[in-house]
Each structure stands twice: as C-alpha cells, then as structure tokens.
Amino acid sequence: MNPHQKELIKATIPILRSNGEDLTTYFYARMFKNHPELKNIFNMGNQANGRQKSALANAVLAYAENIDNPGVLIPVLKGIGTKHRSLNIQPEQYKIVGTQLLASIAEVIGKAATPEILEAWTVAYYQLAQIMIDIEKEMYQENAAKSGSWNGWRNFTIKKIIAESSEIKSFYMYPEDGKEITNFYPGQFISLQVFVEELGLLQPRQYSLSSAFNPEYYRISVKKETGIASNPSGLVSNTLHSKSEGDVVAISAPAGLFHLEKDTENPLVLISGGVGFTPMLSMLETNLNTIRNKKTIWVHGCRNESVHAFKDQIAALKKEVKWLETFTFYDTVENPGNPANQIIEGRVDLAKCKDSILLEDAKFYICGPEVFIKTQYQALIDLKVNQKNIFYEEFGPQLIHLN
C-alpha cells in the first residue's frame, strides 16, 4: 500500500466513525443474500442482537486508524484468529467477505466512494486478510501438531448430562471415534455445532471448558438462555438443553487466549459473573490437580442461590484445602440473617474483599457479561492493580478493549 492510498483510507475515518454500523449492517445483509450457506458459520444470535455488526464496525475503524502501523493490532487479530481457527475459517472465505464488503462500501457511501478510494480499500482489505490468513495458518499448524488434536469438526457423544443449577447443565462429551483427545489450557473454550430446527441452520457457539483436562472427555456447563426465532441468541443453548445422553454433537479442538499461563506460580484471583464461572472452574480444578496448589481467591456473583452452579462442590473443596478462599455475592439472599450462608447481598463489589484479593504478584482473571467485565476491571485499576496482570474474556464478539 502506497502513502497516497493510506491517506485515502484515513480520509474515510470520519465516515466510519459516524456510519460504520450502517455499513456493516448492509454488508451482512448483502453477504447472506448472496451466500446463504455462510449462515451456518456465523452466529445468527449475534447478528440479531447487533453485537457482530458493532464488532466488525469497530474492527474496520481500528484498522483505518492504524493503517500506518497495522502491526499494533496483532494482539486483537490473534484473538479473532483463535476463534476463526475453532470455526475452521478458510482463506477462500476471506475472498467472499472481501467481495461483499468492498461492494457494500461502494453502495453505502455512494458517490463519495471514488475509484481511487475503492482501490485503496481493496488493497487495504486484502493486506488485512493476508495478515489474518497467516496468523490462522500458524494456528492450524500448531493445533495439528498437538497429540490427539484435529482441525475442523469432530463428532462427540454426550454420555452424561448433569443439572448443576435451575438453569445450568453440564455435558460430558466423549469422542465418537474412541481416539485420543488433546489437552488444553485451563480457561480455553471449544466451538460446538448443532442443528437448530427453528432456524433450519447449523449454528456454532463457543463454550468454555468447565473442568481440568480429562483424557476421556470434555465437559462444558451451559446456561439455558431465553431465545425465540426472531431473537435467536438462546436457541443453541435451548437446543443443547433438549439433548439426551447418547446424542452426538460436533466440536472443534480447544482454543482461546484467555487461560492460565503455563507453569505460573503466581497467586490467582478469579472474578466471575453468572455463567462466567466456567473457565474459572477449569482453572480451579487444574490448580487442585497440581502439586503447586497456588493461593486462589474466587469472587463470584449471580442472581440467587438457585442459579449458583457447583456451589456445594466449591464449599466442600474449601473445607478440604487451605489455599482457596471464596467470596460469593447474590443479588437476592433468601436467608440474610444466617451467617452459615457466607453470602454477601448485592452485586460484586471488590472493595468489600480488597484485603484478600490484593496479593503480591497475583494474576487477575475476569469473565462475565460486558458490563460486569468493565466494572470489575475498573475496580481493580482503582485498587492500583497493574493492568498487565488483569486478563478478561467477554461473551460473544470482541467489543471490549481495556488493556
């Protein structure tokens, strides 16, 4: 890309800031009309709730703003790439997206999209696409080299389903072919693909692995969300909750950048909201299974006792070991006068447990909804925690960029 083309890209930044979501909304409608098969790859729940178009608009804007040095975006691009690897995205699909995006720019911007600007954006897009293809190629190669791993989709049989709370079930999934499965870092996720009858589509979703690695199965713990055909955010979780033991689902090999650092000796502070407990449970179980038994503080918040999954198991573990301390917040406490509950009423407030969580050299992991992450991240910053020691994972497309 030459300097003049870079200046042309920069000249479109004001348009992207003011009309970026109009562009991405138009783009997705155009692409799905011309390539309806891609609806089996994209999360149609995030299409309906607008999160995907917002994430893409933010990404296009960030790329334009950093066109002189796109390398600064590599950490973000790697986060996108690890999800793409889990969805088996291939180079030829970048060509489809490029054709549809560039056509959308021309049609949405209209006369302002001069041939020079379109040419500049064509060069810019395919430069970005090649960066992503190269990142993902390396990820595919690394994944293929792991013992027991695979690229693409692999069938697993659900052999056990356990109700963990009034709205969360755990699914124990064993490889249908009986062959080896690959290890993972605690905190990573799998992509799972099921056919959703209400949509007439295959739909993928990402679910954090909720246990330490077991060579026989993968476990996920899934909250049943509310979903209808006009707003399909919860249709996959509803489909999963209707599954029976013996049913088969397709999953991809574990992926994700949000995980415990290998062989770290640092104390852990786990902060979760709602079903965001799942990667934390994997971290906790992994810590339990090692000889390190690192000091761990787990701060968790949810609506009430009925939706609090694994509470009995965590309480039992806490009595057995010396390295675990927990703080639990319920929006509503049924028996607030009972000290045996050890429950704090209200939303998670880190100031109420700051004396315990501010451990020297601690690593802080946050998982939950977008607002929860932003609130807890800021609370840690206010408590003078170094942002380099704070890690987070949000549900769905990447919309948060805090550090």
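Residues numbered from 1 in each chain as written. Predicted model: local features only at pLDDT ≥ 70, side-chain atom pairs only at ≥ 80, totals over all residues. Heavy atoms only, no water.

- The chain is annotated in an unreviewed UniProt entry as Flavohemoprotein of Flavobacterium aquidurense.

As for the overall build of the chain
For step 1, the next point in the chain: Along the chain, the regular secondary structure elements total 12 helices and 12 strands.
For step 2, the next point in the chain: What you see for the chain is a C-alpha radius of gyration of 22 Å, in line with the 22 Å of a compact globule of 403 residues.
For step 3, the next point in the chain: Structurally, the chain occupies a C-alpha span of about 70 × 50 × 40 Å along its principal axes.
For step 4, the next point in the chain: Within the chain, the fraction of its 403 residues that count as buried is 51%.
For step 5, the next point in the chain: In the chain, once contacts between residues fewer than 6 apart in sequence are set aside, the share between residues at least 24 apart is 73%.
For step 6, the next point in the chain: For the chain, the exposed surface amounts to about 18900 Å²; the carbon and sulfur share of it is 51%. (Helix = DSSP H or I, 4+ residues; strand = E, 2+ residues; numbered from the N terminus. Rg over C-alpha atoms; globule rule 2.2 N^0.38 Å. Buried < 20%, exposed > 50% of the residue type's maximum accessible area, 1.4 Å probe, protein only. Contact = heavy atoms within 4.5 Å. Areas by Shrake-Rupley, 256 points an atom, 1.4 Å probe, with all protein chains shown as cover.)

Structural notes on empty space enclosed by the protein
For step 1, the next point in the chain: If you walk through the whole model with that rule in mind, you get 1 cavity of 30 Å³ or more.
For step 2, the next point in the chain: Roughly 50 Å³ of volume is contained in the largest cavity.
For step 3, the next point in the chain: Lining the largest cavity are Thr-12, Ile-15, Leu-16, Leu-23, Val-60, Ile-105, Ile-109 and Trp-121.
For step 4, the next point in the chain: At the level of elements, α2 (13–34) and α6 (91–109) are the ones that each hand at least two residues to the lining of the largest cavity. (1 Å grid on protein atoms, 1.4 Å probe; cavity = no way out; pocket = protein on both sides within 12 Å on 5 of 7 lines; lining within 4 Å. Points joined across faces, edges and corners; volume = space filled by probe spheres on them.)

Quick notes on the packing of aromatic side chains
For step 1, the next point in the chain: Tallied over the full model, the rule gives 16 aromatic pairs.
For step 2, the next point in the chain: Three or more aromatic residues joined by ring pairs make a cluster, and in this case those are Trp-150, Phe-156, Phe-184, Phe-213 and Tyr-218.
For step 3, the next point in the chain: Here Arg-154 stacks its cationic end above the ring of Trp-150, 4.7 Å away from the centre of that ring.
For step 4, the next point in the chain: Over the face of the ring belonging to Tyr-174 we find Lys-159, whose NZ or CZ atom lies 4.8 Å from the ring centre. (Phe/Tyr/Trp six-rings, centres within 6.5 Å; stacked < 30°, edge-to-face > 60°. Lys NZ or Arg CZ within 6 Å of the ring centre and 35° of its normal.)

Here we look at the packing of helix α4 (residues 51–65) against helix α7 (residues 115–145)
For step 1, the next point in the chain: Where α4 meets α7, the closest approach of the two axes is 12 Å, and the angle between their N-to-C directions is 105°. As far as their axial angle goes, α7 and α4 are roughly perpendicular. Residue-level inspection shows Val-60, Tyr-63 and Ala-64 of α4 in contact with α7, the latter providing Trp-121, Ala-124, Gln-127 and Leu-128. (Axes fitted to C-alpha atoms, helices over the stretch in contact; angles between N-to-C directions. Parallel < 35°, antiparallel > 145°, perpendicular 65-115°, else oblique.)

Let's talk about the UniProt feature "domain: Globin" (unreviewed entry) in the chain
For step 1, the next point in the chain: Per the UniProt entry, the sites bearing "domain: Globin" (unreviewed entry) are residues 1–137 in this numbering.
For step 2, the next point in the chain: Across residues 1–137, helical content stands at 78% and strand content at 0%; the span's end C-alpha atoms are separated by 23 Å. (UniProt positions renumbered as here; feature names shortened; annotations may be inferred.)

Some remarks on the sheet that holds strand β7 (residues 268–273)
For step 1, the next point in the chain: Spatially, the 6 strands line up as an open sheet ordered β10-β9-β8-β7-β11-β12, and their pairing is parallel. If you trace the sheet from one side to the other, it starts and ends with β10 (343–345) and β12 (390–394), each paired once. Strand-to-strand twist of the sheet, defined as the mean angle between neighbouring strand axes without regard to direction, takes the value 15°.
For step 2, the next point in the chain: Where strand β8 (residues 296–302) lies against strand β9 (residues 324–330), 7 bridges are found, and the strand directions are parallel. The partner of His-300 across the bridge, within β9, is Thr-328.
For step 3, the next point in the chain: Of the strands in this sheet, β8 and β9 touch helix α10 (residues 311–320), which is tilted by about 145° from β9. (Pairing = 2+ DSSP bridges.)

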